[in-house]
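Results of the structural survey
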Amino acid sequence: MISTDIAEAAARLAAGGLVAIPTETVYGLAANAEDDAAVARIFAVKQRPTDHPLIVHLAASEADTVDFGGWAGVVAPGARILAEACWPGPLTMLVGAGPRVHRVVTGGRPTVGLRVPAHPLTQDLLERTGFGLAAPSANRFGRVSPTSAEHVAVDLDGVLDDRRDLILDGGPSAIGVESTIVDLTVEPPQILRSGAIGDDEIGRLLDTTVDAASGPSRAAGMLASHYAPNARVVLADDRHQADDLLAAERQAGREVAVLDRTDDLVVAAQRLYSDLRDADRHGVETLIVVLPEATGLGIALRDRLTKASADRPSPTG
Ligand code: TXA
Ligand code: MG
């Protein structure tokens, strides 16, 4: 099931199969975006509600065309600026959907999320097939995202079909948290999900203020609870608070661990999802995580950690 064979991955996509693709952010579970049956299978495999739209991943050559290869309607000047500055890379733009976008991908919305991923294996696959690849993160809905081929194999064991599907192994994801999502269909633009390209950087590039997401939840990443391991995640503002929480958890007789990577946020992001998975593998019941400061990558990390900890009572009440 795990392979590095791009020709085989292309053949399976052409035959309607699903291919887990490596990207610089996290692994995606991809189908030919114009094959409705294959796209429908993504939702089934992930157990994802069909009203949570999928991002369409594009070849870099399509980003250079006036309508992003037919995937966007009118490309506004702001979208052109961001495409030139950030693609290929960890940025998803919400734009008006073009003629190639099928209903099943967007749940019938007039907008589509587009991204040109930077991972060379996946870029090669995109250029080779000419497909747009509809792909969410390759985990079961609501759970921890995968940053390696092995993570995907564990998560989707038994639901992917050996004869039709494939996991393309491109090594560990370099960034480790999902792309920044910018909605360019509203004025001013909104950040729907923070990522490695900071909110402030988007504002600088567009030379405008950008808003944090508002209105009804439009992205799964905007749900209160997401990215959740089995362990209960408890957040600490600093090491001192973490130590207090640790003592209290030990006192209560629970299996507990502390995760503190605040000294290097790049590594913290790269390892975040592996760290959460490791906690589960080691039978940790309570994982105390020290929050980084809310600047740069720290904003994305705090967002993911807050969602991983949501709806779970903390030991301090
Ligand atoms: O880094 C990433 O973005 C990864 C890699 C695989 O590219 N993909 C990813 O996909 O994180 P997913 O499906 O796990 O998260 C995409 C988010 C979802 O919350 C989805 O609801 C939202 O983007 N989204 C996609 N298209 C949308 C649209 N047209 N309107 C509103 N939200 C949209
Ligand atoms: Mg996801």
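About the cut-offs
- Residues numbered from 1 in each chain as written.
- Chains lettered and ligands numbered in written order.
- Predicted model: local features only at pLDDT ≥ 70, side-chain atom pairs only at ≥ 80, totals over all residues.
- Heavy atoms only, no water.
- Helix = DSSP H or I, 4+ residues; strand = E, 2+ residues; numbered from the N terminus.
- Buried < 20%, exposed > 50% of the residue type's maximum accessible area, 1.4 Å probe, protein only.
- Areas by Shrake-Rupley, 256 points an atom, 1.4 Å probe, with all protein chains shown as cover.
- Lys, Arg positive; Asp, Glu negative; His and termini not counted.
- Charge placed at Lys NZ, Arg CZ, Asp CG, Glu CD.
- Pairing = 2+ DSSP bridges.
- Contact = heavy atoms within 4.5 Å.
- Axes fitted to C-alpha atoms, helices over the stretch in contact; angles between N-to-C directions.
- Right-handed = clockwise from strand over helix to strand, strands pointing away.
- Core = buried A, V, L, I, M, F, W, Y, C linked by side-chain atoms within 4.5 Å.

A short note on the overall build of the chain
Secondary structure summary: the chain contains eleven helices and 14 strands in total. Considering only C-alpha atoms, the chain reaches an extent of 60 × 50 × 30 Å along its principal axes. Across the 317 residues of the chain, 54% fall into the buried class. About 13100 Å² of surface is accessible on the chain, with carbon and sulfur atoms providing 51% of the total. One finds the centroid of the 29 positive side-chain charges in the chain at a distance of 5 Å from the centroid of its 44 negative side-chain charges.

Some remarks on the sheet that holds strand β4 (residues 55-57)
Pairing within the open sheet is mixed, and its eleven strands lie in the order β1-β8-β2-β3-β7-β4-β6-β5-β9-β10-β11. Every interior strand has two partners, whereas the edge strands, β1 (2-3) and β11 (211-212), have only one. Here strand β5 (residues 91-96) pairs with strand β9 (residues 180-183) via four bridges, running parallel. For Leu91, the partnering residue across the bridge sits in β9 and is Thr180. Contacts between helix α1 (residues 6-14) and the sheet are confined to β2 (19-21), β3 (28-32), β7 (133-135) and β8 (166-168), with β8 contributing the most and set at about 140 degrees to the helix.

What about the pairing of strand β13 (residues 256-259)?
Pairing between β13 and strand β14 (residues 286-290): four bridges, direction parallel. Bridge pairing in β14 links Val258 to Ile288. Of the crossover connections in this fold, the one passing from β13 over helix α10 (residues 265-281) to the parallel β14 is right-handed.

A closer look at unusual backbone geometry
Residue Pro88 is bonded to the preceding Trp87 through a cis peptide linkage, with omega at -10 degrees. For Pro88, the location among the structural elements is in the loop between α4 (77-86) and β5. For the bond running from Glu187 to Pro188, omega is -5 degrees, close enough to zero to count as cis. Looking at the element boundaries, Pro188 is found in the loop between β9 and β10 (190-193). One non-glycine residue, Gln47, adopts positive backbone phi at about 55 degrees. Turning to its location among the elements, Gln47 is positioned in the loop between α2 (36-46) and β4. With relative accessibility at 54%, the residue Gln47 sits in the exposed group. Even without being a glycine, Phe68 presents a positive backbone phi close to 50 degrees. Note on placement: Phe68 falls in the loop between α3 (60-63) and α4. The class of Phe68 is buried, set by a relative accessible area of 0%.

Some remarks on the side chain of Thr286
Relative to the elements of secondary structure, Thr286 occurs in strand β14. Overall, Thr286 belongs to the buried group, its relative accessible area being 0%. Non-local contacts of Thr286, meaning those with residues more than four positions away in its chain, are made with Arg232, Val234, Glu249, Arg254, Glu255, Val256 and Ala257.

Some details on the nonpolar core
Within the largest apolar cluster, 45 residues are counted, with the highest numbers of intra-cluster contacts made by Leu29, Phe68, Trp87, Leu91, Met93 and Leu114. Counting only elements with at least two residues in this core, the list comes to β3, α2, α4, β5, β6 (111-115), α7 (149-155) and α8 (199-206). Counting residues in each nonpolar core, the second largest holds 22 residues, with Val144, Tyr227, Leu259 and Val284 among its members.

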